[in-house]
Amino acid sequence: MKQNGLKQNGLFEMKQNGLKQNDLFGLKVKKKIAMLTCYDFQTAKLLEQAGIDLILVGDSLGMVVLGFNDTKSVTMADMIRHTAAVARAVEKTPIIGDMPAGSYNSAEDALKNAKLLLEAGANAVKFEGCRPEIVSVLVKEKISVMAHIGLLPQTAEKYCVQGYEKDDAKKIFEDAMILDKLGVFAIVLECIPLSLAKKITENTNALTIGIGAGLHCNGQVLVINDLLGLNQKFKPKFVKQYTNLSEKITTAVSNFKEEVLNGKFPLDKESFH
Ligand code: KIV
């Protein structure tokens, strides 16, 4: 791993000033990063309470909140609304705003829309793919950028592991090197073999945050609905379900229904006199 004697600050101090690759390098050496997606006020409060390192207002919103089949229909208006909801909840946890499909077709669009996400309360932005022309413009404007390579849901025709073929692995590695050199503070590695993720992690200053990229990454991200077991249909290999909220919610709702039908709710203690 490259060592360059950079500052070893924690994440929280950087929320105000933006997340910079140089400042975060210490974390790459010292500790793992836990990031989760989040889309609403109350959940964001709980994530901060639990001490999560980074919150991603991801465009997975399209599927888990808005009920689309993929992320392609998510708009800037959606992302601004949900980023602002999360931002109202958290005080110290850095927020990454995901740029939706179509919001960064040109560097000009990317800059305009990244600024809108920052105004809504994001401390950094993320977008998919290796787009040096966009990263350069954003970094020059002192906007903190999280890159995202490997499986790219906004353009993928099929969701599958990327980088098994030698040429694909080479391209992913080279893209990571380009993005790192341009100064992104972190790179999401989605669905790539763990050996490739390890090689990227060992050769970048940027933090690598894996989802389906194995244990060698500097950090991990999951979609919160998957971790909480809210999603009954989608259970990919890389997801670990930490609880089963869909079962708990269904039970609570049917208990409520039963008590209403049987006159057990509301009781005197839940009534006004
Ligand atoms: O939108 C999202 O949830 C993401 C994560 C899968 C990294 O981009």
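Residues numbered from 1 in each chain as written. Predicted model: local features only at pLDDT ≥ 70, side-chain atom pairs only at ≥ 80, totals over all residues. Heavy atoms only, no water.

Tallied over the entire structure, the rule returns two aromatic pairs. With a centroid separation of 5.1 Å and 45° between ring planes, the pair formed by Tyr104 and Phe127 is classed as tilted. On the criterion of sequence distance, the pair formed by Tyr104 in the loop between β3 (95–98) and α6 (107–120) and Phe127 in the loop between β4 (124–126) and α7 (132–140) is long-range, its members being 23 residues apart. Each member of the pair, Tyr104 as well as Phe127, carries the same accessibility label: buried. (Phe/Tyr/Trp six-rings, centres within 6.5 Å; stacked < 30°, edge-to-face > 60°. Helix = DSSP H or I, 4+ residues; strand = E, 2+ residues; numbered from the N terminus. Buried < 20%, exposed > 50% of the residue type's maximum accessible area, 1.4 Å probe, protein only.)

Considered domain by domain, the protein is made up of domain 1 (21–242) and domain 2 (244–273). Centre-to-centre separation of domain 1 and domain 2, based on C-alpha positions: 39 Å. Contact with domain 1, which involves five residues of that partner, is made by four residues of domain 2. The interface formed by domain 1 and domain 2 includes zero salt bridges. The tally of links from domain 1 across to domain 2 stands at two residue pairs in polar contact (both at pLDDT 80 or more). Considering only residue class, the side of domain 1 that touches domain 2 consists of two nonpolar, three polar and no charged. (Domains from an automatic or database assignment. Contact = heavy atoms within 4.5 Å. Salt bridge = Lys/Arg side-chain N within 4 Å of Asp/Glu carboxyl O. Polar contact = N/O pair within 3.5 Å; in protein donor to acceptor, adjacent residues only side chain to side chain. Nonpolar A, V, L, I, M, F, W, Y, C, P; charged D, E, K, R; others polar.)

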